[in-house]
Amino acid sequence: MRQTLPPTELIVAVMQDELYVLPDAPFPVRQIQIVADTLPLAAARNAAAVAATGDIIVFLDMDCIPTPTLIADYAGFFETFEGLLMGEVLYLPGDTAVGELSYERFAEVAVKHSDRRGPPAHGIEICNDYRCFWSLNFAMRRATFLGLGGFDERYVGYGGEDTDFGKALAEAGIPIAWIKGGLAYHQYHPHHMPPVHHLDSVVRNAELFETKWGYRTMDHWLHAFRLMGLIDLAPGRPIRILRRPDAADLALTGQQSHQPYANTAVVIRLLEARLAATREVAAAE
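Reading the values: rules and limits
Residues numbered from 1 in each chain as written. Predicted model: local features only at pLDDT ≥ 70, side-chain atom pairs only at ≥ 80, totals over all residues. Heavy atoms only, no water. Pairing = 2+ DSSP bridges. Helix = DSSP H or I, 4+ residues; strand = E, 2+ residues; numbered from the N terminus. Axes fitted to C-alpha atoms, helices over the stretch in contact; angles between N-to-C directions. Contact = heavy atoms within 4.5 Å. Salt bridge = Lys/Arg side-chain N within 4 Å of Asp/Glu carboxyl O. Buried < 20%, exposed > 50% of the residue type's maximum accessible area, 1.4 Å probe, protein only. Patch = residues over 30% accessible without salt bridge, like charges linked within 9 Å, V, L, I, M, F, W, Y side chains within 5 Å. Areas by Shrake-Rupley, 256 points an atom, 1.4 Å probe, with all protein chains shown as cover. Arc of directions from axis to C-beta.

(A) Layout of the sheet that holds strand β8 (residues 137–141). Taken in spatial order, the 5 strands make up an open sheet running β3-β8-β5-β9-β7, and their pairing is mixed. Looking at strand neighbours, the two that pair on one side only are β3 (56–60) and β7 (124–127), the edges of this open sheet. Along the sheet, successive strands turn relative to each other by an average axial angle of 25 degrees, direction set aside. Pairing analysis gives 3 bridges linking strand β5 (residues 84–86) to strand β9 (residues 176–179), with the strands arranged parallel. Looking at β9, one finds that M86 is bridged to W178. Sitting on the sheet, helix α2 (residues 70–77) is in contact with β3, β5, β7, β8 and β9, with an inclination near 40 degrees to β8. Running over the sheet, helix α5 (residues 161–172) touches β5, β8 and β9 and is turned about 35 degrees from β8.

(B) The pattern of salt bridges, seen in detail. Counting across every chain of the model gives 17 salt bridges. Taking the shortest distance from any N to any O, the salt bridge between D164 and K212 comes out at 3.1 Å. Note that D164 is positioned in helix α5 and K212 in helix α6 (residues 199–213), a separation of 48 residues in sequence. Among the ionic pairs, R237 bridges to D232, the shortest N-O distance being 2.5 Å. The exposure class assigned to R237 is partly exposed, which follows from its relative accessible area of 43%. Among the charged side chains, a salt-bridge network with shared partners connects D152, R154, D164 and K212.

(C) How the structure looks around a nonpolar patch on the surface. A cluster of nonpolar side chains, namely L10, Y20, L22, V29 and M62, defines an oily patch on the protein surface of about 410 Å² accessible area. For Y20, the location among the structural elements is in the loop between β1 (10–14) and β2 (29–33).

(D) Representation of helix α7 (residues 219–227). Here α7 has its buried residues at W221, L222, A224 and F225. The buried residues of α7 occupy an angular sector of 160 degrees when the element is viewed end-on, so they sit on one face. Those residues of α7 that are buried are in contact with α6, β11 (231–232) and α9 (264–284). The positive-phi residue at the C-terminal boundary of α7 is G229, with phi of around 80 degrees.

Structure follows, in structure tokens:
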């Protein structure tokens with residue numbers, strides 16, 4: 001409702017048992033409920049796209065707050081670009097009050113993700129590596145999305161469906177680009193990186209990706225899981241889960257209240273340092 005260019009409609013893909021209680025808006029608001037035993041991210045995005053009536057569709061994760069110019073920014077770039085566009089994302093810390101939307105306050109406290117490259121200084125920049133695709137804030141023409149077949153709904157639970165979609169884009173010759181603008185603020189919520197609480201689906205979806213494309217994805221998460229002793233990554237055979245994550249694993253990977261986001265790279269550096277220290281001790285003995 002704060003957009004400088006109002007949306008034609010808002011479609012909410014609901015992945016919970018009850019629909020949301022939403023305020024009245026000056027544009028149509030529809031909720032589509034996607035019922036599944038596991039997190040149906042791919043199916044939810046596809047259902048929203050099929051239901052949409054506009055030419056351009058903007059996908060935004062529920063935990064992201066769009067800035068007032070987000071839709072206008074995307075619309076402006078599509079005047080000269082055909083492909084997938086990724087808007088900016090900044091992260092809010094846990095003590096940010098969201099009761100009253102204050103974009104000035106958000107701008108003061110939000111931070112960039114250290115593991116993600118930022119937007120170009122201005123305009124648009126093509127990404128030549130499909131793995132840069134990030135599904136929490138992006139836009140493309142509806143016809144292009146549907147022509148590609150949308151997300152592969154065999155990916156269920158957390159992990160891999162967006163990398164698979166990026167690979168499909170690359171195979172189809174559809175460009176992926178970052179833009180300066182289209183900014184959304186990611187709200188704080190506790191989570192784990194690497195996502196040990198989604199161990200089973202990450203393993204399953206990594207193997208599905210390998211079956212489809214000939215190699216695995218989510219290597220950094222799998223590497224961290226191996227260092228933690230959660231999985232066996234022996235080459236030439238399926239990934240084997242060795243044990244379930246325990247309290248120590250959750251503490252290691254969990255986002256702290258002072259952190260705007262949890263960070264896999266930090267965890268991997270810590271695990272590798274521990275491993276190196278253990279080897280030094282063993283060598284000395």
